Amino acid sequence: MTFGARLATLLKRTREISRLDAFSARDATAGRLSGQRLFVATVAFAGVVALVSMLFARLVVQDLGAPISGRGDLSLWDHQNHYVASNLTFTPLPRLGLHNDQLFYPYGGNNVFQPWIMEMHLMAASARHLLGTWGWCQLYFVLSIAATALGAFLLLAPDHGAWRAGAVALAVSFCNYYAIGRYAGTLANACAHWTVLGVLADFALASRAVARRPWSARLLGARAFLLVACLGLDLGYVAGIGLTSALVTACFLAVLALVRARCRPARLGALLADSVQELVASARAHPVQVALLAGMTAIAGLLYIPLAFQVATAAGEYHFAGMPLGAWWANPVRMLMPVLPGLNPVTHHRILTDQPEAMFAASPGLAFVFAALAGLWAGRRRSLAAVPGLLLLGLLLSFHPVHFNVLRLLPWFGFVRVTARFSVVYPALLASLALLAPPFQWRWRGRLVAGMLAALLGVEATTAYRAYLIKDWHHFRPDAAFSRLMEAVRSAPGDAVLDWPFCVAGGNGVATNQICRYYGVQSGIAWLQTYHGKKVVGKYFGRLHPDQIRPYLDAGWPRMFFPDDPNAFRARRQQRDFAPKEWDFLERFVTLGDFCGVLLYPDLLPPETVAGFHTRFGPSVATANSPFGRIEFIPKPAAWRGRVDLEAARSLALPPS
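Residues numbered from 1 in each chain as written. Predicted model: local features only at pLDDT ≥ 70, side-chain atom pairs only at ≥ 80, totals over all residues. Heavy atoms only, no water.

Undergrad: Where do I start with the overall build of the chain in this structure?
TA: The helix and strand inventory of the chain stands at 26 helices and 11 strands. Taken over C-alpha atoms, the radius of gyration comes to 28 Å for the chain, in line with the 26 Å a tight globule of 657 residues would show. When the backbone C-alpha atoms are referred to their principal axes, the chain occupies close to 85 × 50 × 50 Å. Every one of the 657 residues in the chain was classed for burial, and the buried ones make up 56%. Partitioning the intrachain contacts of the chain with sequence separation of at least 6 by distance along the chain shows that 81% fall at a separation of at least 24. Looking at the chain as shown, the accessible area adds up to about 27,700 Å², and 65% of this sits on carbon and sulfur atoms. Side-chain charges of the chain comprise 59 positive and 36 negative groups, with the mean position of each set lying 14 Å from the other. (Helix = DSSP H or I, 4+ residues; strand = E, 2+ residues; numbered from the N terminus. Rg over C-alpha atoms; globule rule 2.2 N^0.38 Å. Buried < 20%, exposed > 50% of the residue type's maximum accessible area, 1.4 Å probe, protein only. Contact = heavy atoms within 4.5 Å. Areas by Shrake-Rupley, 256 points an atom, 1.4 Å probe, with all protein chains shown as cover. Lys, Arg positive; Asp, Glu negative; His and termini not counted. Charge placed at Lys NZ, Arg CZ, Asp CG, Glu CD.)

Here you go:
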């Protein structure tokens, strides 16, 4: 058989499958809502979401009265809000100052390697400027979950009816256990609303295309907005998943169009012309809504595309080839793990030989898996619509950061190293497959299956919340002593403040065992910058390159730490006082740098070292408690202020032993 004959046979079979999977007239109208009924159902569902969101905030978020604070990742979010507010300019497009010495003072460098959530940073920074300090990150998280639920309902209800759309919407938002479990430490993974909605919108587009039903201008406009808006979420994982979903769906739709046009340009042109006419008619029927979506897309594009491009460009300044990734891999078998007491903990890595990073890694719950299987079986006549979702699911589950890293070929996945973080979209992917089951088949067997799935979902959700998701959150609230200390630092002459000991560390392990020897206590102390506003010497980054810490190593800073335990997570105290040459190095560094003084952490130091600071630098003027222990502020002696020489401070080095 010639190649041409084989291609013709393949196209014929594909057309037969396409016709077989097309919706019947009964399928196409089953469960659909009229405009008025949809409005009433949406208002009612919005009320349900509001009530559930308030309960969710009470049980899960708990503390909204103060910014998120604490060690490690907890310190990132409020500090990044502050950093964006201090470094964002519009000329006229938004631009974020990433190269400066506000962090890593006085050496400076590239501050790009953070899990940026530009949407949250812009909203929280604006709210803090207008209304003052509050738990804006926590509020954003609650709104993210609520937006996922309401958006999913709006996307699905026109095609699947209020009841099915409502059930799926609540499931993919409030039962997304992995995402909720990442609050509050890894907030970038917890807020995935636009990406989750993008996955559902892709399913709606594919389903309508397979069924030969026209797309509405509102659906296409919503997908365009979601594609751009996801760039305001975590760029490393969450936005990347949204872009990948759009890419996979677009490729599927292109192949489907080519098959239906029999790869003939004339037929393809006619098909496209018909589609454009339908979209124009749809837009004319709903001009206000389409214009609103277009405006939202334009605003999101102007805000996020320049910032995303800038972050990608700045990250490209460093090459991580050959460097340890700090990779975490979740075995895809975890997809079959139920969320029941004792069955989901990360300790199962001993059986599965993986490194899952967090609870619910690749484990959305059996209720989602069984629902997807039931949908694929009952809706097998429409199985072609499942292809994009199954392809995306297969791509994400097959990724291994070391042994199978094909996804890194995509430009937005260049730094991916933790496979568990793909789990934020598994509930949406599986729930969309469940919707393949046509509503008219839900007789007593269908109702029995639905009831069993609902019961299983209820048991798993109860287990997840009671055992893992409800934690005690009590964020640090500044008292009068803390406020006085921060005011003393803020008003003291000088651009920077020296934390001692300071902490420079990366989430990928770079620098932690060299210049953050008290990581378990101090990781995140740069958060104090949100209150005192001074430049700081240390910072905890999501990722670091060895070149970024080279100035610290050349200066000999690792030899200034004498921890009582070689493990940075367990070390709690310096073992000895400074030797004379070490004291001299520290004094010269403070003298030459434009420091306002020293923020001392006395609980990490021997009494003789604390006394030595007071003898050489002067008495402390304020003492307070902080999330990182007791701190005191010692202003820089006035006699030293005229001897500032930043170049000399940068080139200063501790003499070898």
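Undergrad: What's the story with the sheet that holds strand β11 (residues 629-635) in this structure? I'm lost.
TA: Note: strands within a sheet are paired through backbone hydrogen bonds, in either parallel or antiparallel orientation. Overall, mixed pairing links the 5 strands, which are arranged β7-β5-β9-β11-β10 in an open sheet. Across the chains shown, the open sheet's two edge strands, defined by having one partner strand only, are β7 (535-536) and β10 (622-626). With 4 bridges joining them, strand β5 (residues 496-500) and strand β9 (residues 595-600) adopt parallel strand pairing. Within β9, the residue paired with Trp500 across the bridge is Leu600. In the packing of helix α25 (residues 607-617) onto the sheet, contacts are made with β5, β9 and β11, and the angle to β11 comes to roughly 20°. (Pairing = 2+ DSSP bridges. Axes fitted to C-alpha atoms, helices over the stretch in contact; angles between N-to-C directions.)

Undergrad: Even after reading the chapter, I still don't get the packing of aromatic side chains, so can you show me in this structure?
TA: The relative placement of two aromatic rings is captured by the distance of their centres and the angle of their planes. The tally for this structure, following the rule as stated, stands at 42 aromatic pairs. Between Tyr83 and Trp116 the ring centres are 6.1 Å apart and the planes differ by 45°, which places this aromatic pair in the tilted class. Taken together, the residues Tyr83 in helix α4 (residues 76-87) and Trp116 in the loop between β4 (109-110) and α5 (118-131) connect sequence positions 33 residues apart. Each of the two residues, Tyr83 as well as Trp116, counts as buried. Judged by centre distance (5.9 Å) and plane angle (70°), the rings of Phe113 and Phe415 are edge-to-face. Residue Phe113 is found in the loop between β4 and α5, and its partner Phe415 is found in the loop between α16 (387-398) and α17 (426-434); the two are separated by 302 residues along the sequence. In this arrangement the basic side chain of Arg380 is found over the ring face of Trp377, its NZ or CZ atom lying 4.1 Å from the centre. (Phe/Tyr/Trp six-rings, centres within 6.5 Å; stacked < 30°, edge-to-face > 60°. Lys NZ or Arg CZ within 6 Å of the ring centre and 35° of its normal.)

Undergrad: Would you take a moment to explain the pairing of β5 for this structure?
TA: Two faces, one strand: in a regular strand the side chains alternate between the faces of the sheet. With 5 of 5 residues buried, β5 is to be regarded as a mostly interior element. Here β5 shows a buried face lined by Ala496, Leu498 and Trp500 and a second buried face lined by Val497 and Asp499. Direction of pairing for β5 relative to β7: parallel, over a ladder of 2 bridges. By the bridge assignment for β7, Val497 is matched with Val536.

Undergrad: Looking at this model, I keep getting lost on empty space enclosed by the protein. Mind explaining?
TA: Using a probe with the size of a water molecule, rolled over the atoms, empty space left in the structure can be pinpointed. For the structure on display, the rule yields 7 cavities of 30 Å³ or more. Empty space within the second largest cavity amounts to approximately 100 Å³. As for the second largest cavity, its lining consists of 13 residues, and the residues nearest its centre are Val199, Phe203, Pro388, Gly389 and Leu429. Looking at the lining of the second largest cavity, the elements with two or more residues in it are α9 (193-210), α11 (238-260), α16 and α17. The residue inventory of the lining of the second largest cavity, partitioned by class, reads 8 nonpolar, 4 polar and 1 charged. (1 Å grid on protein atoms, 1.4 Å probe; cavity = no way out; pocket = protein on both sides within 12 Å on 5 of 7 lines; lining within 4 Å. Points joined across faces, edges and corners; volume = space filled by probe spheres on them. Nonpolar A, V, L, I, M, F, W, Y, C, P; charged D, E, K, R; others polar.)

Undergrad: Teacher, can you tell me more about the state of the cysteines here?
TA: Defined simply, a disulfide is a covalent bond joining two cysteines at their sulfur atoms. Throughout the structure, instances matching the rule amount to 1 disulfide. Two residues, Cys503 and Cys516, share a disulfide whose sulfurs are 2.0 Å apart. Between Cys503 and Cys516, the S-S dihedral sits near -85°, and the bridge is therefore left-handed. Note that Cys503 is positioned in the loop between β5 and β6 (504-506) and Cys516 in the loop between α20 (512-515) and α21 (519-522), a separation of 13 residues in sequence. Both residues of the pair, Cys503 and Cys516, count as buried. For Cys251, which is in no disulfide, the shortest distance to another cysteine sulfur is to Cys263 and amounts to 15 Å. (Disulfide = S-S within 2.5 Å.)

Undergrad: Help me understand unusual backbone geometry, please; the structure alone is not making it clear to me.
TA: Here Thr91 and Pro92 are connected by a cis peptide whose omega angle stands at -10°. Relative to the helices and strands, Pro92 resides in the loop between β1 (88-90) and β2 (94-96). In the segment running from Trp500 into Pro501, the intervening peptide bond is cis, with an omega of -5°. You can see Pro501 is positioned in the loop between β5 and β6. Although it is not a glycine, Arg212 adopts a positive phi angle of roughly 60°. Within the secondary structure layout, Arg212 lies in the loop between α9 and α10 (217-229). Judged by its relative accessible area of 49%, Arg212 falls in the partly exposed class.

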